[in-house]
Every structure is written in structure tokens, then in C-alpha cells.
Amino acid sequence: MKLLTKTGLNFISASIFFFFIGSLGGYYFIRYAVNKMFNNELLETQRHIEQFEGEAISYADVEIDTLKLAIDEVNYAFTDTMIHNTTSSNYEFYRKLSYYKPEGNKAIRYTIIRSTAPSDLMVMKFTLMLTVFPILFFLILYLVNRASTKYSLSVFYDTINKLKDFDVNKDNRLDLMTSDIDEFEQLNDVFNAMDKKIKEDYIRLKEYTGNTSHELQTPLAIINTKLDELIQSDNLTEEQIKTIAVLIETTNRLSKTNQALIFLAKLDNRVFADAVNVDFNKLINIQLENLEPLIDEAKLKVEVQANAELHKKMNVSLAHTLIQNLLKNAIRHNIDNGFIRIMIDAQKIQISNSGLQVNHEPEKMFGRFQKNSQHPQSLGIGLSIVKRICDISDISISYEQKGNEHIFKLGF
């Protein structure tokens, strides 16, 4: 729920509650005041009757009875009653005064009634006025408050939109809107400082990645060169040759691991930002041709089913790495005389291969340094690179195992 909607609902809820309480209180107050006025008028009428007995009164109906009832003092009671009007055939509301006055061993009862129709009409109009005008007042107040809040929050929404479009690879600043609200200005200051700090850290991280790549690759290359020279010496024993071969293999693995980690760091830093329209049908065919020696060596059968052309706007280098790593994974973790099946749809690529069953949980397949015990020579980084490329390229990836078949699905 948006902040503007939330504040509007809170305002409306509070307004309805207080309006209901106020209207109810106002109605009963008016009703009480009108009844008090009628009570005073009925008492005045009673005094007038006692003073001028027999004189007709046009504004009230009077009934005088003598009761065989002994009372000590005057008492009276006010009530509301309904009387049938024979002229209009309707029931009308009346205010009634029952007045008892002692007279010897008897009591005289005065019953005075007066129609409340004129006052009821006045109460109805007044109540209607109390209802309509506050509703108009709250409606105008709500619209003014909503417009004012929306204008004030325009800076906030502009900041959110610019943060969504924020890219650490771009040199431009956030350039946030200024506001006359102190809290928004403080928020903008924090975001501007954060923007500056993030870009400074990003630049330092890029420099560190480049320096690390250079500083590690150079000594590894020197070690490999010296080992190659050493293994070509004539006075080496067989045991020494085996030891040097192990060292060469180890340094090669170390070099590949370093290159893979540097590549992951570049992915995390969004170094590969340039995007073009990539034809994945063509790209898959290119990668299959490049990997044909490995496929032939493993005696694998490759089946490609292209149901549609698939295009995606992304970095072309990452697209090649994505497909290459998935195909290498299918080749490396396959069995002799196995298969690789590739299916291409308009928004999906499915790469499946035969292989031994594994007990990895699907969500852990894409973790770094996750290795199959059947292939200890694997670095365990290839699928992690695949997952990271998918994340930054807005591509979904999933894995499932059906018996001896391993299936990777890419959703575009």
C-alpha cells in the first residue's frame, strides 16, 4: 500500500469516527434542547390554566380530571406520546405533561399535550445541516490534504525512481530534487554521500581486481615456464619428472582458479555492461563447433531441437561464457557413449545430458567450489559463474535430475 493511500485511509477513518460521534452528540443535544423548550411551554400553559380557568388555549390540548386519590404534594411528569390524527389518518408525535395537584381528599390531574411536528421538522433540517456541511468540509479538507501530501512526496518518489536507475558504472551523479522539507533534504544528503562512497569503493575494487590479476598471473606464468624448462632436463629421474608434472598441473589449476575468481569479481562489479541483441541459436552452434573435439573424445551424441529463434539483449561475451560453461559441464559430467540434448524455444533453452546420479540439492548446484566426487579435477566454479551471469542478465535458471538425466533450463 502506498504512503499516500495509507495516510488517506487513516484520515478518512478518523474523520468518519469523529463525525459519527459528533453528529450523534449534536442530535441528542438538539433533541434535549427542544424537549426542554416544550417542557417549559407546557408548564407555562399549566400555570395559565390555573390562573385563568376556563379560558381556551389554541396551541395545546388540555384535559382536566378529578381523581379520588390522596396526594401530599404537586407532582408532574413529561412524556412523549403518539396520537392518531383523524383528519390525516396518520400518527403524530406529541409532548405530554401529566400534572397532579392535591385538593382535599382528591387530586386534580391536568393532561396537557402539544404537537411536536414543527420542532421535529426543525430538528430534521438542523440534523441534515449538521450532516451535509461536515461531510463537505471533510471532503474538501481530504482533497486539499491529499494534494498537499502528494506534492510533498513528489520529491520522495523522484528519489526512489533515480535510485532504481542507479548504476555504479555510470559517472553521473544522482542529481536528486531539492525540497522545502528538512527530512527529505537530509535523506537526499545521505543518498548523495552514499552515491559518492559506493563509486569510490567500486573504483578501488576494480583497481584491486586488476592488480590482483596481474600480480598473481605473472608469478604463476614464471613458475610454469621454469617448470617446463626443468622437466626438459636430461638428468632427471622418473620420480622427479612425476613430481614436476604434479607441480605443473597444480600451478595450471591455480591459474585457472585465479582467472575464474577474477571473472566472478568482474561479474559482481558489473564490468560487462554493454548489451547487444544476441542470437542464441547461432551462438549455440558456434560453441558446439568449438567443443567438437571434446565431444568426439567422449563419444557423445548431440541432438539440437530448435523450435523457434531466441534473441536476448545482453553482453555477448557473457552469453558465450554462459552457453560454453553449460556445455562443458554437460560434457565433463557425462558418461561414455552418452548424450547431450539441446532444445530451443522462443523464451527457453533446455540443456540435458546423461550422467551418473548425484546427491546434491538443486539449490546447492550453483554454489562456489561445489564439486562432483567423480570429477575431482573440476574447479567447481563453472556453474557459479553461470548463475551469476543469469542473475545480472535477468535470466532464470533451474536444475532437475530425472534418473540418470541432468536437466538445466534457462528462462528468458
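Residues numbered from 1 in each chain as written. Predicted model: local features only at pLDDT ≥ 70, side-chain atom pairs only at ≥ 80, totals over all residues. Heavy atoms only, no water.

J.: An account of the overall build of the chain is requested, with residue identities and associated values reported.
T.: A tally of helices and strands in the chain yields 8 helices and 11 strands. In the chain, which comprises 412 residues, the share counted as buried stands at 31%. In the chain, once contacts between residues fewer than 6 apart in sequence are set aside, the share between residues at least 24 apart is 67%. (Helix = DSSP H or I, 4+ residues; strand = E, 2+ residues; numbered from the N terminus. Buried < 20%, exposed > 50% of the residue type's maximum accessible area, 1.4 Å probe, protein only. Contact = heavy atoms within 4.5 Å.)

J.: Tell me about the environment of E292, residues and numbers included.
T.: Of note, E292 is situated in helix α6 (residues 292-297). Taking the C-alpha atoms as reference points, E292 and V302, separated by 10 residues in sequence, lie 9.9 Å from one another.

J.: Lay out the confidence of the model for the chain with the relevant residues and their values.
T.: For the chain, mean pLDDT is 79; residues scoring 70 or higher make up 84% of the total. Confidence drops under pLDDT 50 across residues 373-379; counting only partners more than four residues distant or on other chains, this segment forms 14 contacts. (pLDDT = per-residue confidence, 0-100.)

J.: Go over the packing of aromatic side chains, please, and point to the residues and values.
T.: Within the structure shown, the criterion is met by 3 aromatic pairs. For the pair Y399 and F408, a centre-to-centre distance of 5.0 Å together with 45° between the ring planes defines the contact as tilted. For the pair formed by Y399 and F408, the shared burial category is buried. When the ring centre of F339 is taken as origin, the NZ or CZ atom of R341, which lies over that ring, is 3.8 Å away. (Phe/Tyr/Trp six-rings, centres within 6.5 Å; stacked < 30°, edge-to-face > 60°. Lys NZ or Arg CZ within 6 Å of the ring centre and 35° of its normal.)

J.: So, the packing of helix α7 (residues 316-332) against helix α8 (residues 382-392): which residues are in play, and what are the values?
T.: Packed helices, taken two at a time, are described by the angle their axes make and the gap between the axes. Contact geometry of α7 with α8 gives a least axis separation of 9 Å together with a crossing angle of 145°. α7 and α8 meet at a crossing whose hand is left-handed. Between α7 and α8, the residues in contact are L318, T321, L322, N325, L326 and N329 and G382, L383, I385, V386, I389, C390 and I392, respectively. Across the contact of α7 with α8, the residue classes tally to 9 nonpolar, 4 polar and no charged. (Axes fitted to C-alpha atoms, helices over the stretch in contact; angles between N-to-C directions. Left-handed = near helix turned anticlockwise from the far one by under 90°. Nonpolar A, V, L, I, M, F, W, Y, C, P; charged D, E, K, R; others polar.)

J.: Describe the pattern of salt bridges, with residues and values.
T.: All told, the structure shown has 11 salt bridges when counted by the stated rule. With its nearest N and O atoms 3.4 Å apart, the salt bridge here joins E303 to R341. In this pair, E303 sits in strand β6 (residues 301-306) while R341 sits in strand β8 (residues 339-344), placing the two residues 38 residues apart along the sequence. A salt bridge links E400 to K409; its shortest N-O distance comes to 3.1 Å. The class for E400 is partly exposed, based on a relative accessible area of 27%. Classification of K409 by relative accessible area gives partly exposed; the value is 27%. Taken together, the salt bridges that share partners define one network made up of K301, E303, R341 and E405. (Salt bridge = Lys/Arg side-chain N within 4 Å of Asp/Glu carboxyl O.)

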